[in-house]
Amino acid sequence: MAGRFVGKTLATVSLSVALASVTLKSLGRCSIAACSNSFSSCGFHLNSNTMSGSNGTKENSHNKARTSPYPGSKVQRSQVPNEKVGWLVEWQDYNPVEYTAVSVLAGPRWADPQISESNFSPKFNEKDGHVERKSQNGLYEIENGRPRNPAGRTGLVGRGLLGRWGPNHAADPIITRWKRDRSGNRITHPISGKNILQFVAIKRKDCGEWAIPGGMVDPGEKISATLKREFGEEALNSLQKSGAEKRELEEKLHKLFSQEHLVIYKGYVDDPRNTDNAWMETEAVNYHDETGEIMDNLTLEAGDDAGKVKWVDISDKLKLYASHSQFIQLVAEKRDAHWSEDSETDCRGL
């Protein structure tokens, strides 16, 4: 679906040392050393607890949102040093590059008009008709009619590849089950002694990397609906099913997505597509099939933007797209499942 192609590719996520604070808050007993080591090589992932700290501090400056060239182009951002990322730091000579992709300027249904258009009056920090312009991290500032990235300067203004001015909302469904032997018994890891958890992964067509099947939230759509839709389209090939097949699939998906779930993370995401005026936010949610019966009745079939789909064993050896490994680690810790063979980096007592 061409209308959703850009939307799917926008759901890039990356975590950082800042996510360690999210992990510590939600897991309680995870050691600081273990978590900081685990996330030390990642980008910047902002949450409400670190928002104020992003103003001019080296520790919390975002990284991927300052990389060049801008994705899908030869555009070079203006260089922004760590100490000048925060908006509270005065920088009179700041001269960011202006760039909005041609595909966005063409006016597809998923994109806003230009701010300069007379008939466009967006209600920032509010629900604007069917478009959600509220940020999951609280209020963001408006300057010269444009929303300002709450994480700081990126060296580029405009929207780049992002459709919306301000927050662009995505959703990432993480579907898990316990790995079992032929007799149906859970398989434990020989070193950690913990049960092995599996999740549904797709191989992205655009970059060939394995990832969580996620995408953008459509206007007026609830997050729960996005999670179910994206999983159906990418991991079950729902778009190519007949009417009867779609109805049967919908019944099975409803059973899976109507049960209790864990919100793993929601908030700002450090993304290479972010600009001073547009940025990515996501909500990653774990739906767990405890007995495995629901997913046993669903045949995985790659569709839409997915080249392949399969169940993947969860461990620290996973190499996934963007920050998806960090989301998966949080799921493993929440479920008290195997993650690492090194007991010193395993978070216990959850």
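For the structure itself, consult the block above.
Residues numbered from 1 in each chain as written. Predicted model: local features only at pLDDT ≥ 70, side-chain atom pairs only at ≥ 80, totals over all residues. Heavy atoms only, no water.

**Some points on the overall build of the chain**
Working step 1: For the chain, the count of helices and strands is 8 helices and 13 strands.
Working step 2: For the chain, with 350 residues in total, the buried portion stands at 55%.
Working step 3: Contacts in the chain between residues far apart in sequence, at least 24 positions, make up 72% of those at least 6 positions apart.
Working step 4: When the accessible area of the chain is evaluated, it comes to approximately 15,800 Å², of which 47% is carbon and sulfur surface. (Helix = DSSP H or I, 4+ residues; strand = E, 2+ residues; numbered from the N terminus. Buried < 20%, exposed > 50% of the residue type's maximum accessible area, 1.4 Å probe, protein only. Contact = heavy atoms within 4.5 Å. Areas by Shrake-Rupley, 256 points an atom, 1.4 Å probe, with all protein chains shown as cover.)

**So, the pattern of salt bridges**
Working step 1: Inspection of every chain in the model, using the stated rule, returns 19 salt bridges.
Working step 2: Measuring nitrogen to oxygen at the nearest pair gives 2.2 Å for the salt bridge that ties R148 to E141.
Working step 3: Judged by relative accessible area, E141 falls into the partly exposed class, the value being 48%.
Working step 4: E301 is paired through a salt bridge with K241; the nearest N and O atoms lie 2.7 Å apart. On the criterion of sequence distance, the pair formed by E301 in the loop between α7 (293-296) and β13 (306-313) and K241 in the loop between α5 (223-235) and α6 (243-257) is long-range, its members being 60 residues apart. (Salt bridge = Lys/Arg side-chain N within 4 Å of Asp/Glu carboxyl O.)

**With respect to the packing of aromatic side chains**
Working step 1: Scanning all chains against the criterion turns up 8 aromatic pairs.
Working step 2: Residues F124 and Y140 carry aromatic rings whose centres are separated by 6.4 Å and whose planes lie at 70 degrees to one another, so their mutual orientation is edge-to-face. You can see F124 sitting in the loop between α4 (102-105) and β2 (127-128) and its partner Y140 sitting in the loop between β3 (131-132) and β4 (142-143), a full 16 residues away along the chain. With respect to burial, F124 and Y140 carry one shared label: buried.
Working step 3: Seen from their ring centres, F257 and Y287 are 4.5 Å apart, and the 50 degrees between their planes marks the pair as tilted. One end of the pair, F257, is in helix α6; the other, Y287, is in strand β12 (residues 278-289), with 30 residues separating them in the sequence.
Working step 4: You can call Y287 buried: its relative accessible area is 2%.
Working step 5: Residue placement shows R153 over the ring face of Y94; its charged tip is 5.2 Å from the ring centre. (Phe/Tyr/Trp six-rings, centres within 6.5 Å; stacked < 30°, edge-to-face > 60°. Lys NZ or Arg CZ within 6 Å of the ring centre and 35° of its normal.)

**Things to note about helix α8 (residues 324-334)**
Working step 1: Across the 11 residues of α8, 10 count as buried, placing the element largely inside the fold.
Working step 2: Of the residues making up α8, those classed as buried are H324, S325, Q326, F327, I328, Q329, L330, V331, A332 and E333.
Working step 3: One or two residues past the end of α8 sits D336, with phi positive at roughly 55 degrees.

**Here's the deal with the side chain of N137**
Working step 1: Topologically, N137 is positioned in the loop between β3 and β4.
Working step 2: By relative accessible area, which is 10% here, N137 ends up buried.

**What about the pairing of strand β6 (residues 156-160)?**
Working step 1: In terms of residue burial, β6 counts as a mostly covered element, since 5 of its 5 residues are buried.
Working step 2: Taken together, the 3 bridges between strand β1 (residues 97-100) and β6 define a ladder with parallel strand orientation. Looking across to β6, one finds that V97 is bridged to L156. (Pairing = 2+ DSSP bridges.)

**Section: unusual backbone geometry**
Working step 1: Here the amide bond leading from S68 into P69 is cis, since omega sits at -5 degrees, within 30 degrees of zero.
Working step 2: Within the secondary structure layout, P69 lies in the loop between α3 (32-38) and β1.
Working step 3: Notably, N125 is not glycine yet its phi reads approximately 65 degrees, a positive angle.
Working step 4: Turning to its location among the elements, N125 is positioned in the loop between α4 and β2.
Working step 5: Exposure remark for N125: the relative accessible area of 19% places this residue in the buried category.
Working step 6: Despite not being glycine, N237 has its phi angle at roughly 55 degrees, a positive value.

**Observations concerning α6**
Along an α-helix, residues three or four positions apart point the same way, because every turn accommodates 3.6 residues.
Working step 1: Relative to the 21 Å expected for 15 residues at 1.5 Å per residue, α6 spans 20 Å between its end C-alpha atoms, a close match to the ideal helical length.
Working step 2: Of the positions making up α6, those classed as buried are L249, L253, L256 and F257. Buried residues of α6, seen end-on, are gathered within an arc of 75 degrees and therefore sit on one face of the element. Opposite the buried face of α6, by more than 90 degrees, sit the exposed residues R247, E251 and K255.
Working step 3: Residues of α6 that are buried in the fold lie against β7 (166-178), α5, β12 and α7. (Expected span 1.5 Å × (residues − 1). Arc of directions from axis to C-beta.)

**Considering the pairing of strand β8 (residues 197-204)**
Where a strand is regular, its side chains alternate between the two sheet faces.
Working step 1: Across the 8 residues of β8, 7 count as buried, placing the element largely inside the fold.
Working step 2: Where β7 and β8 come together, 3 bridges link them in antiparallel fashion. The residue bridging T176 from the neighbouring strand is F199, located in β8.
Working step 3: Two strands pair when backbone bridges link them, and β8 and β13 are joined in this way by 7 bridges, in the antiparallel orientation. Note on β13: the bridge partner recorded for F199 is V312.
Working step 4: Hairpin remark: β8 followed by strand β9 (residues 210-211), antiparallel, with 5 residues in the connecting loop; positive phi at G208, about 80 degrees.

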